[in-house]
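The lines below spell out each chain.
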Amino acid sequence: MKPERHLSPSDAVELAPSFHFRWEEPQKAHVLLYPEGIVKLSETAAAILETCTGNPSIAQGTCELQDRYGRSDLGASVLEFLELAHAKGWIRVKS
Amino acid sequence: MPKDGSGLSLDGLGMPLWLVVELTYKCPLQCPWCSNPVDFNKYRNELSTEQWKSVLAEGRRLGSLQLGFTGGEPMLRKDLEELVAYADKIGYYTNLITSGVGLTPERLKALKKAGLKQVQLSIQACDSELNEKLVGLDVFDHKIAIARAIKAEGLPMVLNVPVSRYNIDHTAELIDLAADLKVEYVEFANLQYYNWALLNRSELIPTREQLVRSEAAVKAAREKLGNKLTIYFVVPDYFDTRPKACMNGWGSIHLTIAPDGTALPCQEARLIKGIEFPNVKEHSLEWIWKNSPGFNKFRGDGWMKEPCRSCDEREKDFGGCRCQAFLLTGDAANTDPVCSKSPHRHLIDEIVQRASAEDRSCGKPLTMRHHRTAHEPAGE
Ligand SMILES: C[S@@+](CC[C@H](N)C(=O)[O-])C[C@H]1O[C@@H](n2cnc3c(N)ncnc32)[C@H](O)[C@@H]1O
Ligand code: SF4
Ligand code: SF4
């Protein structure tokens, strides 16, 4: 699936409808559940998804992550991961 | 069923991530390729509502996440809504796999309210005449109406097309139908030849030319429709040179419970003779999954024979399908005969050649799935 356009830091993103994101105790990981699919997320992937879908913009989500990990250089890798998630149809741009 | 590219090449950490419950083998339709056992009549004592609930609860404790309600026709169970509600409450992502017969707008609303997440609806043709010929009943208009009702409820939906020589030439029209119904996914499930489909194989198998045309139609539609519709195309393995990575490996992430409570590593596994599969009425699901001989029989690669044993592709396809190996070579531990390295590959080539050579007009009639045509319960 090809997304219509690239994401920008000012975009607000949300989980695509029918996707569920949650912590699973048996797997000790965050998982993404959707029609016919399961993805087990790495800690970083889960943190990016959680903060960026939970903030008014990708940029604000990135700030929260940088505060959490005491870093100041996460912008590019956050955007890179979100592009991937967008291409896979996990997230969409809020209109 | 899990689709290609659905993130399934995933390590289940030894957990049965996918739980499939076949609530009943009963079905009003008579598809001559039905994957249910040819002696389905033998298994009449279905689990009760309470027994299903305890299976679901145990499954969650073992780490199951995706749950498929199937059959037979799961809509025949009056307690479906109750089971969906329970499954949703304990954290499953619930999928309903149905022919649509028995599904009404009222039940659909109740299922949605119970927490149902997704519906897979099977459709066999794009006109009512052919559809009736293939399933034995005139249900096409109902299927279309219920497909629209599912979308009106806002549920994501897969349209499943079981593909045979009868409908493969309508690939483009079926895609148009899916697009018109605004479903998210359409799946062309080229038939797998077990049980009823094996019985009718010579009449159902398409020719290579048909397959090539169908794949081209899919490719053209993907280019035209882009993001709007995801088209899964399950290549018929007889026409391939490598087997499918069946079930992601035996006892790896899939657990099926048959109507009578028999636990199986895949829906077809009970056709393999000589393996005793455990029943949830007698054992805990944990013992079944972790310790039962049936589930351990083909786990890992210790059981493999040559050529698989020393093949560097064995982690990719796990030697293929055990059921197919059993049905076509008589030994479930053999390499899946679809593999070009298998000493039995000529069996597959002969079947494919015969499919192309046969005169289509004088074939034998299809044996419809029906209790009258069902095999007698053996030894009971
Ligand atoms: C056995 S049916 C049970 C649910 C329901 N009665 C139905 O047909 O949708 C489950 C799914 O398997 C598909 N199916 C049945 N026989 C098959 C076969 N031999 N090969 C591939 N898919 C098959 C059906 O189209 C359906 O999507
Ligand atoms: S495949 Fe056809 S006959 Fe078999 S259970 Fe489904 S609808 Fe019934
Ligand atoms: S020999 Fe066995 S492991 Fe190797 S490709 Fe064939 S089926 Fe797979």
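Residues numbered from 1 in each chain as written. Chains lettered and ligands numbered in written order. Predicted model: local features only at pLDDT ≥ 70, side-chain atom pairs only at ≥ 80, totals over all residues. Heavy atoms only, no water.

**Some points on the site of ligand 3**
- Inspection of the region around ligand 3 gives R242(B), P243(B), P307(B), C308(B), C311(B), E313(B), R314(B), D317(B), G319(B), T335(B), C339(B) and K341(B) as its neighbouring residues.
- Of the residues that constitute the shell around ligand 3, the class distribution is five nonpolar, two polar and five charged. (Near = heavy atom within 4 Å. Nonpolar A, V, L, I, M, F, W, Y, C, P; charged D, E, K, R; others polar.)

**Points about the sheet that holds strand β3 (residues 29-34) of chain A**
Residue and element names in this part refer to chain A.
- Taken in spatial order, the three strands of this open sheet run β2-β3-β4, and their pairing is antiparallel. Either end of the sheet is taken by a strand with one partner, and the two such strands are β2 (20-24) and β4 (37-41). The average undirected angle you get between the axes of adjacent strands in this sheet is 25 degrees.
- For β2 and β3, the ladder comprises five bridges, and the chain directions are antiparallel. Looking across to β3, one finds that W23 is bridged to H30.
- Sheet strands touched by helix α1 (residues 43-53): β2, β3 and β4. Its angle to β4, the strand with the most contacts, is close to 105 degrees. (Pairing = 2+ DSSP bridges. Helix = DSSP H or I, 4+ residues; strand = E, 2+ residues; numbered from the N terminus. Axes fitted to C-alpha atoms, helices over the stretch in contact; angles between N-to-C directions. Contact = heavy atoms within 4.5 Å.)

**Regarding the site of ligand 2**
- In the vicinity of ligand 2, the residues found are C27(B), L29(B), C31(B), C34(B), G72(B), S99(B) and R369(B).
- Of the residues that constitute the shell around ligand 2, the class distribution is four nonpolar, two polar and one charged.

**Topic: the pairing of strand β8 (residues 254-257) of chain B**
Residues and elements named next belong to chain B.
- Here β8 shows a buried face lined by H254 and T256 and a second buried face lined by L255 and I257.
- Where strand β1 (residues 18-22) meets β8, four bridges bridge the pair, whose relative direction is parallel. Each residue of the ladder has a partner; that of L19, found in β8, is L255.
- Taking the residues that link successive antiparallel strands as the turn, the β8-strand β9 (residues 263-264) hairpin has five residues, and the phi of G261 there is positive, at about 95 degrees. (Buried < 20%, exposed > 50% of the residue type's maximum accessible area, 1.4 Å probe, protein only.)

**Side note on the pairing of β1(B)**
Residues and elements named next belong to chain B.
- By the criterion of burial, β1 is predominantly enclosed, with five of the five residues buried.
- Both faces of β1 are covered, namely the face carrying W18, V20 and E22 and the face carrying L19 and V21.
- Relative to strand β2 (residues 66-70), β1 is paired through five bridges, and the arrangement is parallel. For E22, the partnering residue across the bridge sits in β2 and is T70.

**A word on the packing of aromatic side chains**
Residue and element names in this part refer to chain B.
- Considering all chains together, one arrives at ten aromatic pairs over all chains under this definition.
- Considering the side-chain rings of Y25 and Y43, the 5.7 Å spacing of their centres and the 65 degrees angle between planes classify their relative orientation as edge-to-face. Here Y25, found in the loop between β1 and α1 (49-61), pairs with Y43, found in the loop between β1 and α1; they are 18 residues apart in sequence, far enough to count as distant. Taken as a pair, Y25 and Y43 share a single burial class, namely buried.
- Taking 5.1 Å as the distance between ring centres and 75 degrees as the angle between the ring planes, the aromatic pair formed by F298 and W303 counts as edge-to-face.
- The ring centre of Y43 lies 3.8 Å from the NZ or CZ of R270, which sits over that ring.
- The ring of F40 has R369 lying over it, and the distance from NZ or CZ to the ring centre is 4.1 Å. (Phe/Tyr/Trp six-rings, centres within 6.5 Å; stacked < 30°, edge-to-face > 60°. Lys NZ or Arg CZ within 6 Å of the ring centre and 35° of its normal.)

**Quick look at the pattern of salt bridges**
- This model, assessed by the stated rule, comprises 28 salt bridges over all chains.
- Residue R68(A) pairs with E64(A) through a salt bridge whose shortest N-O separation is 3.8 Å. On the criterion of helical spacing, the pair formed by R68(A) and E64(A) is a turn pair, its members being four residues apart in helix α2 (residues 58-69).
- Using a relative accessible area of 45% as the deciding quantity, one classes R68(A) as partly exposed.
- The network of salt bridges with common partners includes K26(B), E46(B), R77(B) and D79(B). (Salt bridge = Lys/Arg side-chain N within 4 Å of Asp/Glu carboxyl O.)

**Looking at helix α4 (residues 128-135) of chain B**
Residue and element names in this part refer to chain B.
- Residues of α4 that are buried include every one of L130, N131, L134 and V135, and no others. Along the axis of α4, the buried positions cluster into a sector of 115 degrees, meaning they face one direction only.
- At its buried positions, α4 is contacted by α5 (140-152).
- Of the residues that open α4, the one with a side-chain oxygen 3.1 Å from the backbone nitrogen of E129 is D127.
- Looking one or two residues beyond α4, the residue adopting positive phi is G136, at roughly 85 degrees. (Arc of directions from axis to C-beta. Polar contact = N/O pair within 3.5 Å; in protein donor to acceptor, adjacent residues only side chain to side chain.)

**Topic: the environment of P162(B)**
- Following the sequence through the fold, P162(B) ends up in strand β5 (residues 157-163).
- Aside from chain neighbours lying at most four places away, what touches P162(B) is W33(B), I123(B), Q124(B), N167(B), A189(B) and L191(B).

**A short note on the sheet that holds β8(B)**
All names here are of chain B.
- Reading across the sheet, the nine strands line up as β7-β6-β5-β4-β3-β2-β1-β8-β9 and stay open at both edges, with mixed pairing between neighbours. Each having just a single partner strand, β7 (230-234) and β9 make up the two edges of the open sheet.
- Pairing of β8 with β9 involves two bridges; the strand directions are antiparallel. Following the sheet pairing, T256 is matched in β9 by L264.
- Those strands touched by α5 are β4 (118-122) and β5, and its axis lies near 165 degrees from that of β4.

**Some words on helix α3 (residues 75-87) of chain A**
All names here are of chain A.
- In this model α3 runs 18 Å from its N-terminal to its C-terminal C-alpha over 13 residues, within 8% of the 18 Å that 1.5 Å per residue would give.
- Within α3, the full set of buried residues consists of V78, F81, L82, E83, A85 and H86.
- Tucked into the core, α3 has its buried residues touching α1, α2 and β5 (91-93).
- Trailing α3 by a residue or two, G89 shows a phi angle of about 80 degrees, which is positive. (Expected span 1.5 Å × (residues − 1).)

Note that every value here comes from positions in space, so none of it alone points to a role or purpose.
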